[in-house]
Amino acid sequence: MPILIIFAAVIASVLIWLLRAHYTVKQLKEIDQDTKGLQRKAKSAFENIIGTPLQRVNDVRLAAVILMIQIVRTGSPITASEKTRILELMENPLEIQTISATFERAWRYTQERRPFSLVADPLLPLFREKLTGEERVQLVEMLTKVASAHSAPSELQREALVRLKRRLTAGKPELATSRTGSFG
């Protein structure tokens, strides 16, 4: 009989503990849900001060390798032919001395199935600042070569490349008319 009482007490204490844990988790989820806006604002303020890791990249060749890797990781895992093409382009025309170390470093900036524009957009100011018009076209050509290394570029890759090319080659907008001109 005392064994049954002890057994019942243990079961009751386990049930009470489970209910309290469940209630605590439920409360934490509610608090987390209520503070989502504050979490976004805090993250945004932090990124405005420090910048994202991609915004802190200041080497154009590393940025180019990041984009080459991301263009193939956007749709599917990287294939051997795509990796080979990236390594070839790193050797010539990019002339990177530490190919494997640079590839590993660039790999850390990419993410599988992440939209290409989320990686390319933070790097655009660097490319605009440091690349000439001809070098920008070469960059888009390199990305196209990588995207077509395994098979024809997918629709997603083609759209990403067109968008990047348009944003890279876009100059400063000019006014069609002058405000100080003669009206008549």
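Quantities reported herein were computed from a predicted structural model and do not represent experimental measurements.

Cut-off values and rules
Residues numbered from 1 in each chain as written. Predicted model: local features only at pLDDT ≥ 70, side-chain atom pairs only at ≥ 80, totals over all residues. Heavy atoms only, no water. Helix = DSSP H or I, 4+ residues; strand = E, 2+ residues; numbered from the N terminus. Buried < 20%, exposed > 50% of the residue type's maximum accessible area, 1.4 Å probe, protein only. Contact = heavy atoms within 4.5 Å. Core = buried A, V, L, I, M, F, W, Y, C linked by side-chain atoms within 4.5 Å. Salt bridge = Lys/Arg side-chain N within 4 Å of Asp/Glu carboxyl O.

A few words on the overall build of the protein chain. Along the backbone of the protein chain there are eight helices and zero strands. Ordering the α and β elements of the protein chain from the N terminus gives α-α-α-α-α-α-α-α. Within the protein chain, the fraction of its 184 residues that count as buried is 27%. Taking as baseline every contact in the protein chain between residues at least 6 positions apart, the subset at least 24 positions apart corresponds to 78%.

This part takes up the nonpolar core. Judged by nonpolar contacts, the single largest core of 38 residues is most densely connected at Leu67, Met68, Ile71, Phe127 and Leu143. Of all elements in the fold, only α3 (60-73), α4 (80-91), α5 (99-109), α6 (116-130), α7 (133-147) and α8 (155-169) reach the threshold of two or more residues within this core. At eleven residues, the largest contribution of residues to this core is made by α3. Excluding its chain neighbours within four sequence positions, the residues that come into contact with Met68 are Ile86, Leu89, Met90, Leu94, Leu143 and Val146.

Opposite charge on two side chains makes pairing possible when the charged atoms of those side chains draw close. Under the defined criterion, the tally for this structure stands at four salt bridges. Note that Glu88 is salt-bridged to Arg85, the shortest N-O span being 3.8 Å. Placement of the pair is Glu88 and Arg85 together in helix α4, with a separation of three residues, close to one helical turn. A relative accessible area of 43% means that Glu88 is categorised as partly exposed. A salt bridge links Asp121 to Arg163; its shortest N-O distance comes to 2.9 Å. Of the two residues, Asp121 is situated in helix α6 and Arg163 in helix α8; the sequence distance between them amounts to 42 residues. The class for Asp121 is partly exposed, based on a relative accessible area of 26%.

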